[in-house]
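# Inside the fold
What follows is each chain in one-letter form.
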Amino acid sequence: MSPRIEVRDLRTSYGQREILHGVDLDVRQGETLALLGPNGAGKSTTMEILEGLRGRGSGTVRVLGRDPESADDAWRGRIGVVLQTWRDQRDWTVESLLRHTSLYHEKPVDLEELAERIVLTDFLGQKIRHLSGGQRRRMDLALALVGRPEILFMDEPTVGLDPEARRAFHDVVSWVAAEEGVTTLFTTHDMAEADRLSDRIAILTGGRVTFTGTREEFSGLHGAGDTSVRWTEGGRSHRELTSDPSALITGLRNRLGSNVPGLEVRRQNLEDCYLAHVQSRKEASTA
Ligand SMILES: Nc1ncnc2c1ncn2[C@@H]1O[C@H](COP(=O)(O)OP(=O)(O)OP(=O)(O)O)[C@@H](O)[C@H]1O
Ligand SMILES: [Mg+2]
C-alpha cells in the first residue's frame, strides 16, 4: 500500500532564505511518526505544507493520495490538525465550538466520550478565552479528533500539559491509532514523549531529513549499547561512555574504594542519541 503521507525533494523558502533543502518523508497507514529537530529546523513549515495551509517552492507532496495545495473540503475533512499556536473563536464555549465543528463531518465522534478521554468534561461550558494553556491544548486535540480523521497532524501538542493530562493525551493518541488505524505525524521536543508514542522517528536538520527509522535503529547508529557512567573524583564530576560498564566500575572501585562517590550508571536514551546526531550533523555541515 502506498504511504498515507509521501514527500519527495520538498523545498521551500521564506523570501530569499531556503528553509527546506529537499525533504523526503513517508508515513505509512496506521503509523505514528515523530518529527524531531532543533528550533527553527522547519518542522512547523513542513507540517503546514502537508496540512495544505502553506504553499511550497518545489517537490512532490501527497497526503491521502492528494496534493494538499490543490485539495478540497472533502480531503480537509479527512485530516485532523493541532497547530503549534492559533487564536480564534475566543468567546465561544468549548462545547459550542466542538459541536459546531462536528457539524462539518459525516461521522463525528461521540463528544461526551471524547471529552471524557481527554479529561475535558469539566471545561465544556467554559469560554475558550478563559481556558488555561493545558486545558486549551486538550480542546485542540478534541477539535482535531472530532471528525474521525484518517490522518492526525500535531505540532508540539503537549507543551504546557501537566503530567496527568499528558498521560491522558498519550493514551488518546494510542487509542485512536489502535482503534481507528489513524496515521499520526507529530512534532515534539520531549524525547521521552517521542520514545513513548512513536513507531518511527524522523529528524529534520539543516533543511533535510537526516534520519528516519525506529528508535532501535537510531540508537544502533549512535552508540548502541553505550552506557553513561558518572562519578565524582578529585572534587569534580566525571562522565564516560562505555560498552563495558562493569570493567569501568571495577577500575573505579580499585581506585576510589567500594563506595564510588556520586556513581550513576544509565543506558544512553533517545535524548542522548538525538543530541549526538544533531551535533554530528552540525560538525558535518561546518567541515
Ligand atoms: N512566516 C515566516 N516568515 C519568515 N520566516 C519564517 C516564517 N515562519 C518561519 N520562518 C523561519 O523559518 C525557519 C523554520 O521555522 P519553523 O517554524 O518551521 O521551525 P520549527 O522547526 O517548527 O521550530 P520550533 O521547534 O521552534 O517550533 C525559522 O528559521 C523561522 O525563523
Ligand atoms: Mg515549530
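Not measured: the values here are computed from a predicted model.

This next bit is on the environment of Arg255. Of note, Arg255 is situated in helix H9 (residues 245–256). For the pair formed by Arg255 and Glu233, sequence separation is 22 residues and the distance between their alpha carbons is 9.9 Å. Contact partners of Arg255, with chain neighbours within four places excluded, come to Trp231 and Glu233.

For the rest of this paragraph, the subject is the site of ligand 1. In the vicinity of ligand 1 there are 14 residues, among which Gly40, Lys43, Ser44, Thr45 and His189 approach most closely. In the environment of ligand 1, an oxygen atom lies 2.9 Å from a nitrogen or oxygen atom belonging to the side chain of Arg17. Within the contact set of ligand 1, an oxygen atom lies 2.7 Å away from a side-chain nitrogen or oxygen of Lys43. When the free accessible area of ligand 1 is taken as 640 Å², the share hidden by the protein chains comes to 65%. Looking at the shell around ligand 1, the elements that each hand over two or more residues are strand S2 (17–27) and helix H1 (43–50). For the shell around ligand 1, the leading source of residues is H1, giving three residues. Residues belonging to the shell around ligand 1 are distributed by class as follows: four nonpolar, seven polar and three charged.

Attention now moves to the pattern of salt bridges. Scanning the model with the defined rule gives 26 salt bridges in all. We note a salt bridge from Arg148 to Glu180, for which the minimum N-O separation is 3.1 Å. Taken together, the residues span a long stretch of sequence, with Arg148 in the loop between helix H5 (133–145) and strand S6 (151–155) and Glu180 in helix H6 (residues 163–180) at a distance of 32 residues. Here Arg148 falls in the partly exposed class, since its relative accessible area comes to 33%. Residue Glu180 is classed as partly exposed on the basis of its relative accessible area, which comes to 42%. Three or more residues joined by partner-sharing salt bridges are found here, namely Arg4, Arg78 and Glu150.

Mean pLDDT for the protein: 91, with 98% of residues reaching 70 or above. Here helix H8 (residues 215–221) is the element of the protein with the lowest mean pLDDT, 86, and strand S4 (residues 58–63) is the one with the highest, 98.

With that settled, the discussion passes to the domain arrangement of the protein. What the domain assignment lists for the protein is domain 1 (5–219) and domain 2 (223–286). When each unit is reduced to the centre of its C-alpha atoms, the spacing between domain 1 and domain 2 is 36 Å. Contacts between domain 1 and domain 2 engage 14 residues on the former and nine residues on the latter. For the pairing of domain 1 and domain 2, the buried interface totals around 980 Å² over both sides, and the portion due to carbon and sulfur atoms is 77%. Three residues, Met191, Phe218 and Ser219, lead the burial of domain 1 against domain 2; their summed loss comes to 53% of the area buried on that side. Scanning the region where domain 1 abuts domain 2 turns up zero salt bridges. Here domain 1 is connected to domain 2 by one residue pair in polar contact (both at pLDDT 80 or more).

Calculation criteria
- The residue numbers shown here count from 1 along each chain, following its written sequence.
- The naming scheme follows written order: chains are lettered A onward, ligands numbered 1 onward.
- The model is predicted, so local features are restricted to residues of pLDDT at least 70 and side-chain atom pairs to those at 80 or more, both for listing and for counting; the totals for chains, interfaces and linings are taken over all residues.
- Derived side-chain values reflect all non-hydrogen atoms in the structure, with water molecules and hydrogen atoms excluded from consideration.
- Helix numbering and strand numbering both begin at the N terminus, where a helix is a DSSP run of H or I of at least 4 residues and a strand a DSSP run of E of at least 2.
- In what follows, residue pairs with any heavy atoms lying within 4.5 Å of each other are defined as contacts.
- Any residue with a non-hydrogen atom lying within 4 Å of a molecule or strand is treated as near it.
- Pairing of N or O atoms within 3.5 Å defines a polar contact, subject to two protein rules: one partner must be a possible hydrogen donor and the other a possible acceptor, and residues neighboring in sequence count only if both atoms are side-chain atoms.
- The Shrake-Rupley method, run with a 1.4 Å probe, gives the accessible areas here. Residue values count only the displayed protein chains as cover.
- Asp, Glu, Lys and Arg are counted as charged, while Ala, Val, Leu, Ile, Met, Phe, Trp, Tyr, Cys and Pro are counted as nonpolar; the rest, among them Gly, fall into the polar class.
- Think of a salt bridge as a Lys or Arg side-chain nitrogen and an Asp or Glu carboxyl oxygen that are within 4 Å of each other.
- Residue burial is assigned from relative accessible area. The probe radius is 1.4 Å, only protein chains are included, and a residue is buried under 20% of its type maximum, exposed over 50%, and partly exposed in between.
- Within a predicted model, pLDDT stands for the predictor's per-residue confidence, ranging from 0 to 100.
- Segmentation of the chain into domains, including their bounds, is taken from an automatic or database domain assignment.
- Summed over both partners, the accessible area lost on bringing two parts together, with a 1.4 Å probe, is the buried area.

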